[in-house]
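Letter by letter, the chains look like this.
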Amino acid sequence: MTRIVSGIKPTGSLTLGNLIGAIKRFVRLQEDMEDTEFFLFIADLHALTSRQIPHKLRKHTLDVAAMYLAAGLDPEKTTLFIQSEVKEHAELGYLLQSNTYMGELERMTQYKDKSSKQNQNIISSLFTYPALMAADILLYDADYVPVGDDQKQHLELTRDIAERFNHYYHDFFKIPEPIIPKVGARIMDLQNPTKKMSKSEDSDKGCITLFDNEKQIRKKVRSAVTDSYRKIAYDPVKQPGIANLLNIYAGIREEKIETILDMYEDKTYKDLKEDLAEVIVAELLPLQERYHKLIKSDTLQDILDKGREYAQNIAFKKVRKAKRKVGLGRK
Ligand code: TYM
């Protein structure tokens, strides 16, 4: 049996980047893969790496769960749960942190980027959180971890930590492989297409959230930064704005970039933007409708309860063994 594990941090509103780079990808894998168990969690402990407003964190946590289901996640096939409700994540996180080197954590680009934006009071878990992320994955003996491009380095570190643990304590963890989509692994900010579209950014003009209304979507796409080449081509270095729009288009439609390029070869930037806005609206409005039904329902709560029980059962056994391995416990 193959196992697939992934998570999303509930900070701010989910973006088109999360939808294309992670959520749709997960739903597709679930439809395509047989004999596979899927674990998906809302990484609320990871949200605490930056200061959160408690009632908002609670709301975003449920929002992510409901959005996953609204996007087509099948709760019969997937164990959906909230990370902090399975306490073994934190427990194994500590054991793995105790097998991670400062130098490794210092090299993490996400840490470097995020900490460089704050000049004081950087929360220490921002530094150590890759060890917790390793625990999220290794707890379930994941074979594959579908993520966007920005998580690749954390996945590499997870593999290193697992290999080190296996070396010191004899084979214990499965070494996971990342699955990074060919299209849409890095959706960029519409106003600054050399920067990742991110839910924690302040400027929201360049970021389409999954909760934006039709008017906001059209406006943001219309004002997306392009270039003066006046040619629709896929060149992320010379034409990052246009490349990003093509990526979003292809990512939502689940098509190849070439297919979209063929459709727009002789068209203008304005044509591309108008059609893309249409494609996004057609994707997000029904998603929002399903989300609104789910967020108020008992179904969501039941699914999360069931997910917690199932995940807890596996996690408990794995942590019990891990503690024994490192020498904790009386016998
Ligand atoms: P997070 O919450 O920042 O992002 C969740 C997922 O969305 C992807 N993503 C993007 N993909 C394409 N373009 C973008 N602009 C974009 N922005 C985000 C991310 O790559 C990710 O797949 N630490 C993780 C959450 C996590 C996790 C895990 C993931 C915690 N434990 C274990 C996998 C396995 C995070 O902060 O992702």
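Thresholds, definitions, all that
Residues numbered from 1 in each chain as written. Predicted model: local features only at pLDDT ≥ 70, side-chain atom pairs only at ≥ 80, totals over all residues. Heavy atoms only, no water. Near = heavy atom within 4 Å. Polar contact = N/O pair within 3.5 Å; in protein donor to acceptor, adjacent residues only side chain to side chain. Areas by Shrake-Rupley, 256 points an atom, 1.4 Å probe, with all protein chains shown as cover. Helix = DSSP H or I, 4+ residues; strand = E, 2+ residues; numbered from the N terminus. Nonpolar A, V, L, I, M, F, W, Y, C, P; charged D, E, K, R; others polar. Patch = residues over 30% accessible without salt bridge, like charges linked within 9 Å, V, L, I, M, F, W, Y side chains within 5 Å. Salt bridge = Lys/Arg side-chain N within 4 Å of Asp/Glu carboxyl O. Lys, Arg positive; Asp, Glu negative; His and termini not counted. Charge placed at Lys NZ, Arg CZ, Asp CG, Glu CD. Domains from an automatic or database assignment. Contact = heavy atoms within 4.5 Å. Buried area = accessible area lost by both parts, 1.4 Å probe.

Colleague: I'd like a rundown of the site of the ligand, residues and numbers included.
Modeller: Surrounding the ligand, one finds 27 residues, the nearest of these being Asp 136, Gly 148, Asp 150, Ile 187 and Lys 199. Here Gly 148 contributes a backbone N or O atom positioned 2.8 Å from an oxygen atom of the ligand. Contact distances for the ligand include 2.8 Å between a nitrogen atom and a backbone N or O atom of Ile 187. The protein chains hide 98% of the 710 Å² of surface that the ligand would expose on its own. Among the secondary structure elements, those contributing two or more residues to the shell around the ligand are β1 (2–8), α1 (16–32) and α7 (124–138). Looking at the shell around the ligand, its residues break down into 12 nonpolar, 9 polar and 6 charged.

Colleague: With reference to specific residues and values, describe a negative patch on the surface.
Modeller: Negative charge collects at one region of the surface, where Glu 258, Asp 262, Glu 265 and Asp 266 lie side by side. Checked against the element boundaries, Asp 266 lands in the loop between α11 (257–264) and α12 (269–295).

Colleague: Could you give an account of the domain arrangement of the protein, naming the residues involved and the relevant values?
Modeller: Interfaces are frequently sized by the accessible area removed from exposure as the parts join. For the protein, the assigned domains read domain 1 (2–184 + 298–326) and domain 2 (214–293). Between the C-alpha centres of domain 1 and domain 2 there is a distance of 29 Å. Taken together, the 13 residues of domain 1 in the interface contact 14 residues of domain 2. Between domain 1 and domain 2 the total buried area reaches about 1,200 Å² when both faces are included, carbon and sulfur atoms providing 69% of it. Taken together, the connections running from domain 1 to domain 2 amount to 3 salt bridges. For Glu 254, the salt bridge is made with Arg 28, and the minimal N-O distance between the two is 2.9 Å. Our enumeration of links across domain 1 and domain 2 arrives at 6 residue pairs in polar contact (both at pLDDT 80 or more). Where the side of domain 1 that touches domain 2 is concerned, the elements lending two or more residues are α1 and α3 (54–70). Grouping the amino acids of the side of domain 1 that touches domain 2 by side-chain chemistry returns 8 nonpolar, 1 polar and 4 charged.

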